[in-house]
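Understanding the architecture of this molecule
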Amino acid sequence: MLRGRPGTGKSLLALAYLIDGVERGEDCLLVALEETEADIRRNAAAVGLDIGGITVLDLTPESSAFTDDGTYDVFDPGTVEERSLTETITQRVREVEPTRVVIDPMTQLRYLAPDEYQLRKQILALTRFLEQVGATLVFTTQATSDHSDEDFQFMADGVIEIDNGETGRTISVPKFRGSKTRGGTHTLRIRDSGLSVYPELDPNHHRPFESESIPSGIPEFDEQLHGGIERGTVTIISGPTGVGKTTTGAQFMKEAAGRGERSAIYLFEEDERTFLERCTDVNIPVDRMIERETLAIEEIEALEYTPQEFANTVRRDVEEAGTQIVMIDGINGYELSIRGDEHTFRSEIHRLCRYLKNMGVTVVLIEEIASVTGDFQATEGEISYLADNIVFLRYIEMDGELRKVVGVLKKRTSDFQRTLREFEITQHGIKIGDPLTGLRGILRGTPEQPSE
């Protein structure tokens with residue numbers, strides 16, 4: 001049973017099921033009770049579905065049903081009666097001998113049965129007949145304000161629900177006898193090229209990997225991190241706008257490229273051209289990394305992606321392309337793509353990060369902090385619990401000049417240096433100075449010498 005509101009895509013999904021049967025060399029039958037065959041073929045072609053190999057039994061009313069007597073009947077007089085309709089379907093099934101049958105929509109039979117008992121009896125007899133001839137039935141339903149389709153669920157071995165809400169089309173499987181299903185709500189996309197389903201990411205994938213430190217290639221920074229960040233961990237790099245968060249994350253990828261490892265950057269808040277120019281200007285050769293396929297960059301339009309679509313993209317990069325480092329730039333843009341509440345955002349990013357960690361992928365999350373100076377704040381989205389490592393960048397004012405500092409707030413797998421260091425981005429790359437000692441108030445952005 002395929003159920004959902006009008007326009008959700010039930011009929012197209014049913015057609016996709018029949019097309020799959022045709023491609024496997026099976027005979028397939030579509031019983032059309034609402035849309036004419038011409039409309040069905042036109043609508044299918046509009047989204048790239050070729051239904052040429054499907055037999056269509058068109059039982060929709062002819063225009064003469066209205067013009068002949070001034071009334072509108074669902075079927076013409078020769079097929080209105082229940083017995084005549086079932087005989088027509090039965091005869092065509094015997095002629096075609098299909099292995100797959102779609103009735104669209106089954107709820108149209110409600111208007112032909114005198115009462116609910118006769119309706120249920122009619123449908124059970126039809127499904128039993130199709131089962132006896134070896135045909136698998138998929139039917140759609142159309143609930144109305146007067147009639148629910150819940151009674152049809154009891155007659156179905158499986159129920160697939162489709163919805164079309166603020167976040168787009170979704171699909172779920174609340175019932176499927178004799179088989180396990182993947183829980184959750186999955187994304188359904190209908191494009192000119194056809195239908196695609198992006199399932200909810202299962203974080204319980206595992207891949208063996210060796211735990212080791214991944215250095216940044218900057219001795220002073222690696223000293224702060226006691227060697228670098230560990231493989232299969234999540235690192236949050238936070239700080240205000242323009243402080244150098246993305247460049248710092250890309251530095252780890254530059255070093256990984258030298259080892260022949262592949263990285264992927266997903267840009268939610270910056271276009272690819274600007275990113276490439278900026279990295280090239282600070283001696284991070286992302287263009288050569290892309291040419292050598294040690295780096296992939298994908299610009300993500302947040303409002304055009306669902307979390308399931310994005311997770312599918314990341315999973316493909318990990319499992320098919322062998323990506324070992326993933327950077328999401330930035331968290332604020334990713335949260336925008338969720339288009340839900342804060343709980344949903346935390347749930348989705350937790351699921352993605354857990355999957356990546358289980359696969360031995362090193363994750364770098366870039367998070368922007370609104371405040372430039374003032375009270376110190378490491379993260380804003382209440383996701384610090386996800387991080388194995390937290391690196392923060394901050395502006396400070398020293399001698400009337402705006403400068404930057406870098407520090408490590410958290411590192412689960414080892415100790416780390418707790419002093420802050422001055423941080424600078426030059427045309428030769430990132431430069432990190434000696435520890436800033438003898439100052440207080442650095443985290444407030446206004447360091448000063450303590451009075452003796």
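For the structure itself, consult the block above.
Summarised in this report is the structure supplied together with it.

Scoring rules and cut-offs
Residues numbered from 1 in each chain as written. Predicted model: local features only at pLDDT ≥ 70, side-chain atom pairs only at ≥ 80, totals over all residues. Heavy atoms only, no water. Helix = DSSP H or I, 4+ residues; strand = E, 2+ residues; numbered from the N terminus. Buried < 20%, exposed > 50% of the residue type's maximum accessible area, 1.4 Å probe, protein only. Contact = heavy atoms within 4.5 Å. Pairing = 2+ DSSP bridges. Right-handed = clockwise from strand over helix to strand, strands pointing away. Phe/Tyr/Trp six-rings, centres within 6.5 Å; stacked < 30°, edge-to-face > 60°. Lys NZ or Arg CZ within 6 Å of the ring centre and 35° of its normal. 1 Å grid on protein atoms, 1.4 Å probe; cavity = no way out; pocket = protein on both sides within 12 Å on 5 of 7 lines; lining within 4 Å. Points joined across faces, edges and corners; volume = space filled by probe spheres on them. Nonpolar A, V, L, I, M, F, W, Y, C, P; charged D, E, K, R; others polar.

Looking now at the environment of G134. You can see G134 is positioned in the loop between α5 (116-132) and β5 (136-139). The class for G134 is partly exposed, based on a relative accessible area of 47%. When residues no more than four places from it in sequence are discounted, the contact partners of G134 are P98 and T99.

Position of G178 relative to the elements: it lies in the loop between β7 (168-176) and β8 (186-191). Its relative accessible area of 88% is what places G178 among the exposed residues. Sequence separation of G178 and G158 is 20 residues, and the distance between their C-alpha atoms is 9.3 Å.

Take the pairing of strand β2 (residues 28-32) next. Of all five residues in β2, five are buried, a share of seventy percent or more. The side-chain alternation of β2 yields two buried faces, one formed by C28, L30 and A32 and the other by L29 and V31. Sheet analysis places β2 next to strand β4 (residues 100-104), joined by five bridges and oriented parallel. Each bridged residue has a counterpart across the sheet, and for L29 the counterpart in β4 is V101. You can see the chain leave β2, run along helix α2 (residues 37-46) and come back into strand β3 (residues 55-58), and the turn it takes is right-handed.

Here we take up the packing of aromatic side chains. Counted under the stated rule, the structure contains seven aromatic pairs. Aromatic pair F139 and F152: ring centres 6.4 Å apart, planes at 55 degrees, arrangement tilted. Of this pair, F139 sits in strand β5 while F152 is found in helix α6 (residues 150-153), placing the two residues 13 residues apart along the sequence. Grouping residues by exposure puts F139 and F152 together as buried. With a centroid separation of 6.2 Å and an interplanar angle of 55 degrees, the aromatic rings of Y334 and F345 are classed as tilted. With Y334 in helix α12 (residues 331-338) and F345 in helix α13 (residues 342-358), the pair connects residues that are eleven residues apart, well separated along the chain. Three or more aromatic residues joined by ring pairs form one cluster here, namely Y266, F268, F310, Y334 and F345. Over the aromatic face of Y17 sits the side chain of R100, whose NZ or CZ is 4.6 Å from the ring centroid. Stacked on the ring of F416, the Lys or Arg R418 has its end atom at 4.3 Å from the ring centre.

Another aspect to go through is unusual backbone geometry. Geometrically, the link from D104 to P105 is a cis peptide bond, its omega value of -10 degrees lying close to zero. Of note, the bond from D329 into G330 is cis; its omega dihedral lies within 30 degrees of zero at 5 degrees. One can find G330 in the loop between β15 (323-329) and α12. One non-glycine residue with positive phi stands out, namely E97, at about 55 degrees.

In this section: the layout of surface pockets. The calculated volume of the largest pocket comes to roughly 840 Å³. Mapped onto the lining of the largest pocket, the elements with two or more residues apiece are α1 (10-23), α5, β5, β6 (158-165) and β7. No other element matches α5, which puts five residues into the lining of the largest pocket. Grouping the constituent residues of the lining of the largest pocket by class yields 19 nonpolar, five polar and five charged. Quantified by volume, the second largest pocket comes out at close to 300 Å³. For the second largest pocket, the lining is made up of 20 residues, of which K10, S11, L12, E35 and D104 are closest to its centre. Where the lining of the second largest pocket is concerned, the elements lending two or more residues are α1, α2 and β4. When residues in the lining of the second largest pocket are grouped by element, the largest group, five residues, is from α1. Taken together, the residues of the lining of the second largest pocket break down into eight nonpolar, eight polar and four charged.

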